Amino acid sequence: MIQNAQPKANPDQMARRSAIFFAVLLAFAFLLMPWRNATSGPNTGMGLLRIGTEYGAFSLLIFLVPLAALAGFAAGFSQRIAPHSPTFFQIAARVGGAAGLIYVAVAMIYGLQTTGSVGGMLSVQGMGIWVTLFTAAGLIGLTYNPNVTFIIVWIGVSFFFVQGIRREMTLFPLWSSIAFPMLTISPFLVLSIKMPRAAQIALLVLVVCVLLPMVGIEDTFYLELIIQISIFAAMAIGLNIVIGFAGLLDLGYIAFFAVGAYLWGMFTSTAADTVFKTSNALASPDAFWLFLLLGVIAAGITGVLLGLPVLRLRGDYLAIVTLGFGEIIRILVSNLSNISSNPIRRVNLTNGAQGLPGIAHPILPQGLYDLVKSIAAAIGVPLNTQSSVEAVTLQLFFYFLVLTVGGIAVIIAARLDNSPIGRAWTAIREDEVAAVAMGVPRVRMKLLAFAMGASFAGAMGVIFAAKQSFVSPESFSFIQSIFILVIVIVGGMGSIRGVLLGAVVVTLLNLQVLKNFSLLINSLKNLDWVVPIINFPIRNWPSQLEPARYERLVFGVLLIVMMIYRPEGISPAKRRRMEMQEAADQTLEEAAAEGAPRPGMDKIE
Amino acid sequence: MPALQRAGNWINLYILKPIGQILVFVVVSAAIMSALALLLGAVLNTPWHGIDLLKTRKGIDLFNQVVKQLPDMLLDGISIGFVYAVIALGYTMVYGVLRFINFAHSEIFMVGGVIGFEVMTRLGEANALSTMPPLFVILLMILMAMAFCGILAVVIERIAYKPLRGAPKLVPLISAIGVSFLLTDVVRAVQALSRNVFNMPYPLDRVGNPPRIFDLISFDPITQLSKGQQFLNPPFLQTRIPLVGNLTTNMTTVIIIVSAIIMVVGLNYFVNATKLGKGIRAVSQDQTTAALMGINVNQMITLTFLIGGALGGAAGVLFGLKVANITPYIGFFPGLKAFTAAVLGGIGNITGALLGGILLGLLEAFFSALLPFFPALGTGYSDIFAFSVLILVLLFRPTGLLGKKEDEKV
Amino acid sequence: MALLQLENVHTYYGHIHALKGISLEVNQGEIVTLIGTNGAGKSTTLRTISGMARPRTGSVKLEGKPIHNLPPHQITRLGVGHVPEGRRIFPRLTVRENLEMGGFTVARGDVQRRIDSTFVLFPRIKERLEQLGGTLSGGEQQMLAMARGLVLEPRILLLDEPSMGLAPVLVEAIFEIIRTLHQKGTTILLVEQNARMALQVADRGYILQSGRIVMEDSAKALQSSEMVRKAYLGEE
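Since the model is a prediction, treat every value here as computed from it, not as a measurement. (Residues numbered from 1 in each chain as written. Chains lettered and ligands numbered in written order. Predicted model: local features only at pLDDT ≥ 70, side-chain atom pairs only at ≥ 80, totals over all residues. Heavy atoms only, no water.)

**Description of unusual backbone geometry**
Moving on, step 1. If you check the backbone angles, Ala324 of chain B has positive phi at about 70 degrees while not being a glycine.
Moving on, step 2. When you line up the elements, Ala324 of chain B lands in the loop between helix H9 (297-323) and strand S4 (325-326).
Moving on, step 3. Note on Ala324 of chain B: relative accessible area 24%, which makes it partly exposed.
Moving on, step 4. Although it is not a glycine, Ser210 of chain C adopts a positive phi angle of roughly 30 degrees.
Moving on, step 5. Relative to the assigned elements, Ser210 of chain C resides in the loop between strand S9 (204-209) and strand S10 (212-218). (Helix = DSSP H or I, 4+ residues; strand = E, 2+ residues; numbered from the N terminus. Buried < 20%, exposed > 50% of the residue type's maximum accessible area, 1.4 Å probe, protein only.)

**A closer look at helix H1 (residues 42-50) of chain C**
Residues and elements named next belong to chain C.
Moving on, step 1. Across the 9 residues of H1, 9 count as buried, placing the element largely inside the fold.
Moving on, step 2. Of the residues making up H1, those classed as buried are Lys42, Ser43, Thr44, Thr45, Leu46, Arg47, Thr48, Ile49 and Ser50.
Moving on, step 3. Count one or two residues on from H1 and you reach Gly51, which has phi positive near 90 degrees.

**Some thoughts on the pattern of salt bridges**
Moving on, step 1. All told, the structure shown has 28 salt bridges over all chains when counted by the stated rule.
Moving on, step 2. Across the pair Asp76 of chain B and Lys322 of chain B runs a salt bridge whose closest N-O atoms are separated by 2.7 Å. Placement of the pair is Asp76 of chain B in helix H2 (residues 62-98) and Lys322 of chain B in helix H9, with a sequence separation of 246 residues.
Moving on, step 3. Lys322 of chain B sits in the partly exposed class, given a relative accessible area of 26%.
Moving on, step 4. The salt bridge partner of Arg204 of chain C is Glu30 of chain C, with a shortest N-O separation of 2.6 Å. (Salt bridge = Lys/Arg side-chain N within 4 Å of Asp/Glu carboxyl O.)

**Considering the packing of aromatic side chains**
When we look at a pair of aromatic rings, we describe it by the centre distance and by the angle of the planes.
Moving on, step 1. With the rule as written, the count across this model stands at 32 aromatic pairs over all chains.
Moving on, step 2. For the ring pair Tyr253 of chain A and Phe256 of chain A, a centre distance of 6.2 Å and an interplane angle of 75 degrees mean the geometry is edge-to-face.
Moving on, step 3. Look at Phe100 of chain B and Tyr161 of chain B: their rings are 4.7 Å apart centre to centre, the planes differ by 70 degrees, and that puts the pair in the edge-to-face class. Pair noted here: Phe100 of chain B is in the loop between H2 and helix H3 (105-125) and Tyr161 of chain B is in helix H4 (residues 134-161), with a separation of 61 residues, a long-range link.
Moving on, step 4. For Phe100 of chain B, a relative accessible area of 6% corresponds to the buried category.
Moving on, step 5. One aromatic cluster is present, built from ring pairs that chain together Trp264, Phe267, Phe288, Trp289, Phe291, Phe397 and Phe398 of chain A.
Moving on, step 6. Sitting over the face of the ring of Tyr550 of chain A, Arg188 of chain B holds its NZ or CZ atom 4.4 Å from the ring centroid.
Moving on, step 7. The aromatic ring of Phe104 of chain C is capped on one face by Lys275 of chain B, whose charged end is 5.2 Å from the ring centroid. (Phe/Tyr/Trp six-rings, centres within 6.5 Å; stacked < 30°, edge-to-face > 60°. Lys NZ or Arg CZ within 6 Å of the ring centre and 35° of its normal.)

**Some thoughts on the sheet that holds strand S1 (residues 4-13) of chain C**
Residue and element names in this part refer to chain C.
Moving on, step 1. As summarised here, the arrangement of the 4 strands in space is S2-S1-S4-S5, forming an open sheet in which the pairing is antiparallel. Both outer strands of the open sheet, strand S2 (16-26) and strand S5 (65-66), are each paired with one neighbouring strand and no more.
Moving on, step 2. Sheet analysis places S1 next to S2, joined by 8 bridges and oriented antiparallel. For Tyr12, the partnering residue across the bridge sits in S2 and is His17.
Moving on, step 3. Those strands touched by H1 are S1, S2 and strand S4 (55-62), and its axis lies near 110 degrees from that of S1. (Pairing = 2+ DSSP bridges. Contact = heavy atoms within 4.5 Å. Axes fitted to C-alpha atoms, helices over the stretch in contact; angles between N-to-C directions.)

Written out as structure tokens, the structure reads:
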């Protein structure tokens, strides 16, 4: 009904906006970028000046080239607006573009001379960034195709930015909270920008399968982050089927995750072996793949069993009841440490609140370890100890496993959305009574959504348990369900791309940005820093007011703000946007009438 | 004399009748629950076909235990039941008017407990806690919490719910979940800034109890206690109040029950006898027509949130007096139990909330008292029962015990 | 000056253009009727006057003062009583409470007197004062709805389909009451499907067709108009 809700910006505005954005990016890169090998002096910035002194011969060029490149960038856009009319900008673009490329060439030759190898050159003084930047800027100027170039710049800058920062830096938390999200967001930029399909896929594979794991090998914290993101993304895809497609608010979704996790945990943990009085774990690590399948099935069955009685309920009641189920599962696993009334023969299923330790992970072929070791050595991060090789290999294995399973989930969800089943869900979501009247089998369709969503979570649960090698009831509390809900809501209910984006944004916010704030405060505390202007000595910051522990506040604000200003999410599904818009229209109408009549009660004459 | 007769009528209608109703609810629920417990005790006392759920506890006579603990279980259940009932009133009123589950109500309740703590601690710091009349202290706590939470609920409605009126049903519910999370952490942050701890123990022993002079020297304003401190009198709130026969109870229980009854009776009067109360009911039945009558619908909704919030705040203080320790996370379970109570009684129905609260309180008290006798179960399960009741009620009687079938149009 | 005046009112429901430039007047003491088929915009006109729907352009004036920007409860306070379509009794309030709601804006002392005065017209209501509104029969509900509207002692009463779904005897009774009200000087804007009855009690009438006024005349003239007789009175 409302297609023109957001008027399209005209190309001129777009060009100006992008140019300004790009200029800011460049300025930022020049002035603030902290460099990796900058061992002398403060570590916190002034990249431009540093390069200026060490590569003195180029200092003049350095000031001129970005300006020319910028002009070229602007010209690229002016050419798009008014083709076939050579302007001053166009000429400037050519000149700037050419200058940029020349600079790159000269710098590369100089770099090669001083370091002796391409790899060495790229790692010195953040040369990689400069090469990317100026190549891209030059290309923009020469080709007038800013889209692909822009994304290459983005990926290049963020990748080398992530690589360039080091944990020793005082402001590391700040830099890392900017650089890493820039890199992880880039796949979505690739998807949102028009370009040839092949280029799109190539760039996606480059970022997801090459650059991110590379960054992860260098710093395992990033590896952990991308695994977490992928796990939550896959779960959010599942929850999205329940909430976004079928319109059922499930507040206990984490319960199915727990089913999967405890399934694998109970059979392989070192603590739960009292179940059948065996001295070893019940299942061998080899059974992992079987259990991955079993996890899917078990969670799906749980979904059906829980859903069967309650799916007749109205939406808001259903939400509360699913919350109740989620809590019941959590309480059960924290109490099933003894299910026998015989004091001698204790039967321990879940080891209660202490959780199950020592859960097995699948055994990987030796070749995989060797491969990872040699890759790590090739990119300049040699893994010296056997344990670090094992840890990194395992993590990488889980990363790609989650990617694969998540990819399957995405494909299933996407196909479902466009199937008769998906349309039945849409019908139920939009008007349940009418859908039933049209012969849509309501309960069966709802059950299917419930079971599908649950089975994705079950698979992730098995992987999660194997990866952590430890599960405890704490990982399955209400706030975890809300966390996944926030992902779906922020991304956009019903939109698969939106949900994936939501997973990246919200997980990073929760696991990286908030933590980094805490780290930043602590490191500033160590420096005895005083906030200027208000003269607040940072060491007086109360220890309990640590940002990392205020995720509820962040989730809460996100939920409220999204519901008020953008209930369809940041990357909405088309249909959802329409539904929300209709509702908003109605709201306007009712606000006008002040005595808001209930929807549906007042017929239009 | 007609005036006198009218006054008599009034007292009969708005005071005696509601109190009578409450009494009936309490007595009937208590009788049913006791009968069930005794029956259970008698049945499980002897092994059945060789299955003995009590096997480990040698020599335990479950039936005797039930009999012995029954008075305590009843009093405990009734007092916590009244607290649930008062919270449930907030859920039920908002639901009645907006058909909306105010998920944040549990956190408003929690804030009430925090306000009670703040008032009490501040009074303690000013050394007024021990010198002021104890009942006045408690009244002050309740009133402050009511005022604060009432306004808080109104502000929340304005910011987070009002812009969403008319949106699909789940949208305001999600917003309410957001508010609930936000409130928890705001309280945490405030406590972190002011005291750097999250536990808020009520200085109950201090009430109406002057410390001896030398105690003041090492006086800790947060715990209100100092080392080796001794009180001149037994703590006011621990005072035993005689009931029937040998049975006694403590002051806290009496305070909780009496103040809850006052609030319920007051609300009953407000909703049924005043113009604004009737206006709220009219709005809850048909907003459009209510507006045509000249009723300002928004004002009525605001008023509903004000009253619901105030009741939640008061319940927070009562809960604080009972459990003596408040944390920012305390709202969740009592909130869910109170919501269950509201659904059990029939959501949107004020009398129902009362009945549901009392029943649920009794149920909880019985569960927590008897679960330890079953070694395979244990007290860890005591929180499950509320959810189970909720699910069972919604499955088999979604309109609740006193609810009428709702004429809901789709 | 007319008591109520609509000038070129356009009202939309979402994207549906429901009123396309309605202009009409009601003078003090008149009964004016709006006649039209389903969906012609009769109820929307009333809803626009009482503030339930907002005109996008045009104006609604009560005694020359524009009221179309006021919220409904304030319009009611100015003396516009609206008895909505389908009666809309509060089902779980007693009859007495329903009547009290009609006098929500009235000073406390006056309400009882006004309620009592409606019993003259609606004696049946008096017998059922303590019953719940939802338990009344359809005819009684219509009586109650009208009585509730009259407690306001409105300067203009908007009646929306008062005869809908009632047995013929009751329809007669309702129109008898409208006549009585007219004699007492109440100004009424009446929307009716039953055009014949409506034109019998009304002074003037407007014919609505898909959001526009297509004809306007005295009730007598309309009754004898060929077009009206064919389209709305079912005569050949």
